[in-house]
Amino acid sequence: MSEPSTPLTNSGSFSQHSSPNKKSAIQQKLLILKLKRINELNNRLKDTLSKDRIYASNASYSIIDYTQSHKDYAIPEIWGNLQPGENPFRNNRFQQKTGGGGQDQGGCCTIM
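Starting afresh in each chain, residues are numbered from 1 along the sequence in its written order. Local features are withheld for residues below a pLDDT of 70 in this predicted model, meaning they are given only at 70 or higher, and side-chain atom pairs are given and counted only at 80 or more; totals for whole chains, interfaces and linings count all residues. Only hydrogens and water are removed before side-chain values are computed, so all heavy atoms of the structure are retained for them.

Visitor: What's the story with the overall build of the protein chain in this structure? I'm lost.
Guide: Only DSSP runs of H or I with at least four residues qualify as helices, and only runs of E with at least two residues qualify as strands; both kinds are numbered from the N terminus onward. For the protein chain, the count of helices and strands is three helices and zero strands. When the helices and strands of the protein chain are read in sequence order from the N terminus, they spell out α-α-α. Only protein chains enter the accessibility calculation, which uses a 1.4 Å probe; a residue whose area is less than 20% of its type maximum is buried, one above 50% is exposed, and one in between is partly exposed. Within the protein chain, the proportion of its 112 residues that are buried is 1%. Long-range pairs, those at least 24 residues apart, make up 0% of the contacts in the protein chain between residues at least 6 apart in sequence. Per-residue and other accessible areas were derived by the Shrake-Rupley procedure at a 1.4 Å probe size, with only the shown protein chains allowed to occlude residues. Working note: accessible area of the protein chain is about 11,000 Å², and carbon and sulfur atoms make up 56% of it. In what follows, a contact means two residues having at least one pair of non-hydrogen atoms within 4.5 Å.

If you want it as structure tokens, here you go:
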């Protein structure tokens, strides 16, 4: 008759007993990581789905409406030129005073 093998006397059987536990622990960790990735992807897809969407034709109509109702003076062939004093960026909002006389200068900078 053969003797029953024990983990202490037979090193081969010891490794066989411990490897299924290691494999199952590794498989469990991999399954947990896979579940985390799937949950992250699911959350991103839910965020994407919750965003407001419009049809491309409606977006095109709103762009056309905006360009027809707002004047763009960078295209003077269509909208004409600005009359003097109409340009809000040309007004002297950024005037600086000189240190000597306290008089306003016409430019945006002060040369010392």
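What follows picks up the thread again.
Visitor: Help me understand a nonpolar patch on the surface, please; the structure alone is not making it clear to me.
Guide: Taken together, the side chains of Ile26, Leu30 and Leu33 define a hydrophobic patch exposed on the protein surface, amounting to about 300 Å² of accessible area. Along the chain, Leu33 falls in helix H1 (residues 11-50). The exposure class assigned to Leu33 is partly exposed, which follows from its relative accessible area of 46%. Surface patches are defined over residues having more than 30% relative accessible area and no salt bridge, joining like charges when they lie within 9 Å and nonpolar side chains (Val, Leu, Ile, Met, Phe, Trp, Tyr) when within 5 Å. What counts as a salt bridge is simple: a side-chain nitrogen of Lys or Arg found within 4 Å of a carboxyl oxygen of Asp or Glu.

Visitor: I would appreciate a short explanation of the confidence of the model for the protein chain in the present structure.
Guide: Detailed reading of the predicted coordinates is not advisable wherever pLDDT falls low. Confidence per residue, as judged by the predictor, is encoded in pLDDT with a range of 0 to 100. Looking at the protein chain, pLDDT values average 75 and 64% of them are 70 or higher. Ranking the elements of the protein chain by mean pLDDT puts helix H3 (residues 76-79) last with 79 and helix H2 (residues 56-69) first with 93. Confidence drops under pLDDT 50 across residues 9-16; counting only partners more than four residues distant or on other chains, this segment forms five contacts. In this model residues 95-102 is a low-confidence stretch, pLDDT under 50, and it forms 15 contacts with partners more than four residues away in sequence or in other chains.

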